[in-house]
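Here is how the chains run, residue by residue.
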Amino acid sequence: MAQEQPGPAPREWSVYPAIDLRRGRVVRLKQGDPDRQTEYASDPHEVAGRWAGAGAKWLHVVDLDGALGENRAENLAALERILGGTPGVQVQFGGGLRDLASIRQVLELGVRRVVLGTAAVRNPALVEAVLDTHGAERVAVGIDARQGRAQTHGWREATGITALDLAQNWADRGVRWIVFTDVGRDGMGRGLNLQSTVALAEATGIRVIASGGVSSLVDVHQAYDAGLSGVIIGRALYTGWVSLADALRVGTET
């Protein structure tokens, strides 16, 4: 009797509700500008519970104060409450993780995957150390791009490296996950920069999560149909433009 052949590996796809933290509160910044801030909630733990209750399996939590080089104590306290209050939900966390001690701290708190952006450009040895110590499934390289060029330090500093070159460099070093954000679209509700995101995924062959500009369920469908590995949704959830329940159903329809 012929042996049954194994089927294809399951598709990698997740929807990540975003919880951006500033001074312990849930906010969104337009194009990463701290002077263009909208506050959506004072209790991140309640927001995390709301998204978990809608069926989210992942949360994308960002420490904006850490990214901007400011005091992060309130945000770390909020992160700890989120982790303790949403059992069964995995957390992807980034923002200002620029040394081994801070990375180890959040992983030990229960963060499943850290997002390293500035370090991926300015301190590649740190990213390699985290890869070696914790494994490639615990690390995503965050690539924040403006007009195709990588940005660092909370999107305030431009670099001379293209997003595509940076992604290929880290793909060659064993990174399996990239979070790609078009800075010009983030928080603006103009739709994803799907062309650049897909080009990066196709060039590197690794898993790319799209971020920045989701404005409707159409963006979520397009990200899924393009073969991307996930999409982060922030402002569109808080304004009601996108229902998380509807977004989570994308990719599950038969």
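Here, every reference points to the structure presented above.
Residues numbered from 1 in each chain as written. Predicted model: local features only at pLDDT ≥ 70, side-chain atom pairs only at ≥ 80, totals over all residues. Heavy atoms only, no water.

Novice: Would you explain the overall build of the protein in this entry?
Specialist: In terms of regular secondary structure, the protein is built from eleven helices and twelve strands. Counting only C-alpha atoms and orienting by the principal axes, one finds that the protein spans roughly 65 × 40 × 35 Å. For the protein, contacts bridging at least 24 residues in sequence account for 68% of all contacts bridging at least 6. Carbon together with sulfur atoms contributes 45% to the accessible area of the protein, which is approximately 11,400 Å² in total. Averaging the positions of the 27 positive and the 29 negative side-chain charges in the protein gives two centres separated by 2 Å. (Helix = DSSP H or I, 4+ residues; strand = E, 2+ residues; numbered from the N terminus. Contact = heavy atoms within 4.5 Å. Areas by Shrake-Rupley, 256 points an atom, 1.4 Å probe, with all protein chains shown as cover. Lys, Arg positive; Asp, Glu negative; His and termini not counted. Charge placed at Lys NZ, Arg CZ, Asp CG, Glu CD.)

Novice: How should I be thinking about unusual backbone geometry in this particular structure?
Specialist: If a residue is not glycine, its phi is most likely negative; likewise, a peptide bond is most likely trans. Positive phi outside glycine occurs at arginine 23, with the angle close to 50 degrees. Its location among the elements puts arginine 23 in the loop between β1 (14-22) and β2 (25-30).

Novice: What is the right way to look at the environment of glutamate 128 in this model?
Specialist: Residue placement: glutamate 128 occurs in helix α6 (residues 124-134). Look at glutamate 128 and you get partly exposed, because its relative accessible area is 32%. Remark: the alpha-carbon pair of glutamate 128 and valine 91, spanning 37 residues in sequence, is separated by 21 Å. Those residues in contact with glutamate 128, other than ones at most four positions away along the chain, are Trp170 and Arg173. (Buried < 20%, exposed > 50% of the residue type's maximum accessible area, 1.4 Å probe, protein only.)

Novice: Explain helix α3 (residues 73-85) here, please?
Specialist: Under the 1.5 Å per step criterion, the end-to-end length of α3 is 18 Å for 13 residues, consistent within 8% with the ideal 18 Å. Listed in full, the buried residues belonging to α3 are Asn75, Leu76, Ala78, Leu79, Ile82 and Leu83. Viewed along the axis of α3, the buried residues span an arc of 160 degrees, placing them on a single side of the element. Tucked into the core, α3 has its buried residues touching β1, α1 (44-53), β4 (58-63), α2 (64-67), β5 (90-94) and α4 (100-109). (Expected span 1.5 Å × (residues − 1). Arc of directions from axis to C-beta.)

Novice: Help me understand the packing of α4 against α6, please; the structure alone is not making it clear to me.
Specialist: Think of two packed helices as two axes; the pair is described by the angle between the axes and how far apart they sit. Where α4 meets α6, the axes come as close as 11 Å, and the angle between the chain directions of the two elements is 35 degrees. Note that α4 runs across α6; the crossing there is right-handed. Of the residues in α6, those touching α4 at Leu100, Ile103 and Leu107 are Leu126, Val130 and His134. (Axes fitted to C-alpha atoms, helices over the stretch in contact; angles between N-to-C directions. Left-handed = near helix turned anticlockwise from the far one by under 90°.)

Novice: Whenever I open this one, the nonpolar core confuses me. Can you help?
Specialist: Side chains of nonpolar character tend, in soluble globular proteins, to be buried together. Ile19 and Ile233 are the most contacted members of the largest nonpolar core, which totals 67 residues. Leave out the neighbours within four places in its chain, and isoleucine 19 touches Val26, Pro44, Val47, Ala48, Trp51, Leu59, His60, Val61, Val62, Ile82 and Tyr238. Among the nonpolar cores identified, the runner-up in size contains nine residues, and Ala18, Val115, Val179 and Ile209 belong to it. (Core = buried A, V, L, I, M, F, W, Y, C linked by side-chain atoms within 4.5 Å.)

Novice: Help me understand the packing of aromatic side chains in this model?
Specialist: For any two aromatic rings, the description comes down to two numbers: the centre-to-centre distance and the angle of the planes. Counted under the stated rule, the structure contains four aromatic pairs. Aromatic side chains tryptophan 13 and tyrosine 224 sit 5.2 Å apart centroid to centroid with 80 degrees between the ring planes, which places their arrangement in the edge-to-face category. Taken as a pair, tryptophan 13 in the segment before β1 and tyrosine 224 in helix α9 (residues 217-225) lie far apart in primary sequence, 211 residues in all. Ring centres of tyrosine 16 and tryptophan 58 lie 5.5 Å apart, and the angle between their planes is 45 degrees; this geometry places the pair in the tilted category. Of this pair, tyrosine 16 sits in strand β1 while tryptophan 58 sits in strand β4, and the two are 42 residues apart along the sequence. With a relative accessible area of 1%, tyrosine 16 lands in the buried category. One aromatic cluster is present, formed by Tyr40, Trp51 and Tyr238 through successive ring pairs. The ring of tryptophan 177 is capped by arginine 113, whose NZ or CZ atom sits 4.0 Å from the centre of that ring. Looking at arginine 173, its charged tip hangs above the ring of tryptophan 170, at a distance of 4.6 Å from the centre. (Phe/Tyr/Trp six-rings, centres within 6.5 Å; stacked < 30°, edge-to-face > 60°. Lys NZ or Arg CZ within 6 Å of the ring centre and 35° of its normal.)

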